[in-house]
Amino acid sequence: MSVLSLQAKELGRLVLDDFCPRCFWLLQKHKIPEGTLYETRFARFINQFDHFIRSVISDLFHQQGELPDWLYNPLKEVLPNLPRVQRVIEPTNWQADVRGFRLSGRPDSLWELEDGTFIIADYKLSQPGGSFQKFYEAQLNAYALLAARQNPPIKVGHLVLIYFSLDEKGLVSSLGNAYFPFRCFVRSVGVWDFREVEELVERAGQLLSQSSPPNPAENCNKCGGELMAWAQQLVTYLETLD
């Protein structure tokens, strides 16, 4: 019997105030494949931006031996006692079995510190805070759990969200003299007890193990009535394409 796979980046949906089990089931069971006509241009842009920022930080670190000032300074503001970053690592896709389900995910960045611990960083093209803060915290802690389950284990001491918002002064520099119109903000995220992440994995796995959509949340106005009938028709049509 195959093991149900779950993406770490999707666990955050379960902690949102407007979480709906039926919407979650529909979204996960019938995803729009990446690179298809139906994937939004904005989603593709976000993925390309993440890749660009990873490359810039990695290139600058390997050239200069330290993080660029536009990132290091806001990082030290929220983590003043942070040991020196001695290595920027390109993460691979991590996997781990959690309570009978397969959890997988790949963080944006992994930085090794002088004290032997690691920082997991995730990049966001948005303003700090907002309704998705809980979502991002769960996502990062899912990565921390995955890191701890690797062989050898990766000891994560800090989790950070790195936000990039538009700024005409262009403070984000690349190699050479190129500057880009973004300002960098850093927000530290607390490391959860791993049992909290395990409970989210179990809950998500149980929902997605159901063969039919679960009941919606009482306050959900996205998956009821006419929309649900339309979704069922769409599902039926998509199944004919397999």
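Quick summary incoming for the structure in this document. (Residues numbered from 1 in each chain as written. Predicted model: local features only at pLDDT ≥ 70, side-chain atom pairs only at ≥ 80, totals over all residues. Heavy atoms only, no water.)

## Let's talk about the environment of Gln-95
What counts is decided by this rule: Elements are defined by DSSP. Helices are runs of H or I of four residues or more, strands are runs of E of two residues or more, and each kind is numbered from the N terminus. Here the term buried applies to any residue with accessible area under 20% of the maximum for its type, exposed to any over 50%, and partly exposed to those in between, with areas from a 1.4 Å probe on protein chains only. Whether two residues are in contact is decided by their heavy atoms, any of which lying within 4.5 Å being enough.
Here Gln-95 shows up in strand β3 (residues 94-98). In this structure Gln-95 comes out as partly exposed when scored by relative accessible area, which is 45%. When the C-alpha positions of Gln-95 and Leu-6 are compared, they lie 9.7 Å apart, and in sequence the two are 89 residues distant. If sequence neighbours within four positions are ignored, Gln-95 has contacts with Arg-102, Leu-103, Ser-104, Leu-146 and Gln-150.

## Structural notes on the packing of aromatic side chains
Put simply, the test is: Each pair of aromatic rings taken from Phe, Tyr and Trp, with Trp reduced to its six-membered ring, is defined by centres within 6.5 Å and is described as stacked if the planes are under 30 degrees apart, edge-to-face if over 60, and tilted in the remaining cases.
Enumeration according to the criterion identifies nine aromatic pairs in this entry. Taken together, a centroid distance of 6.2 Å and an interplanar angle of 65° make the contact between Tyr-123 and Phe-164 edge-to-face. Of this pair, Tyr-123 sits in strand β6 (residues 118-124) while Phe-164 sits in strand β7 (residues 156-166), and the two are 41 residues apart along the sequence. This pair shows no difference in class: Tyr-123 is buried, exactly as Phe-164 is. Grouped by ring-pair contacts, the aromatic residues Phe-49, Trp-70, Tyr-123, Phe-164 and Phe-182 constitute a single cluster.

## Brief notes about the environment of Val-98
Residue placement: Val-98 occurs in strand β3. Here Val-98 falls in the buried class, since its relative accessible area comes to 1%. Leaving out residues up to four positions away in the same chain, Val-98 has contacts with Leu-103, Leu-145, Arg-149, Glu-198 and Val-201.

## Comments concerning the sheet that holds β7
Under the convention used in this document: Two strands are said to pair when DSSP picks up at least two bridges between them. To define axes, lines are fitted to C-alpha atoms, for helices over the stretch in contact only, and angles between the resulting N-to-C directions are given on a 0 to 180 degree scale.
Taken in spatial order, the five strands line up as β2-β5-β6-β7-β10 in an open sheet, and their pairing is mixed. Every other strand in the sheet has two partners, leaving β2 (85-89) and β10 (182-189) as the edge strands with one partner each. Each strand of the sheet is rotated relative to its neighbour by a mean of 25°, with strand direction disregarded. Of the pairings in the sheet, the one linking β2 to strand β5 (residues 109-113) comprises four bridges and is antiparallel in character. The partner of Arg-87 across the bridge, within β5, is Glu-112. Against the sheet, helix α3 (residues 69-78) touches β5, β7 and β10, its axis set at about 30° to β10. The strands touched by helix α4 (residues 133-148) are β6, β7 and β10; relative to β7, the strand with the most contacts, the crossing angle is about 140°.

## Looking at the sheet that holds strand β1 (residues 5-7)
With mixed pairing, the three strands of this open sheet are ordered in space as β1-β4-β3. Bordering the open sheet on either side are β1 and β3, each of which pairs with just one other strand. Neighbouring strand axes in the sheet, compared pairwise and without regard to direction, differ in orientation by 30° on average. With three bridges connecting them, β1 and strand β4 (residues 101-105) associate as parallel partners. Looking at the pairing, Leu-6 lines up with Leu-103 of β4. Sheet strands in contact with helix α5 (residues 194-208) are β1, β3 and β4, and its direction is about 115° off that of β4.

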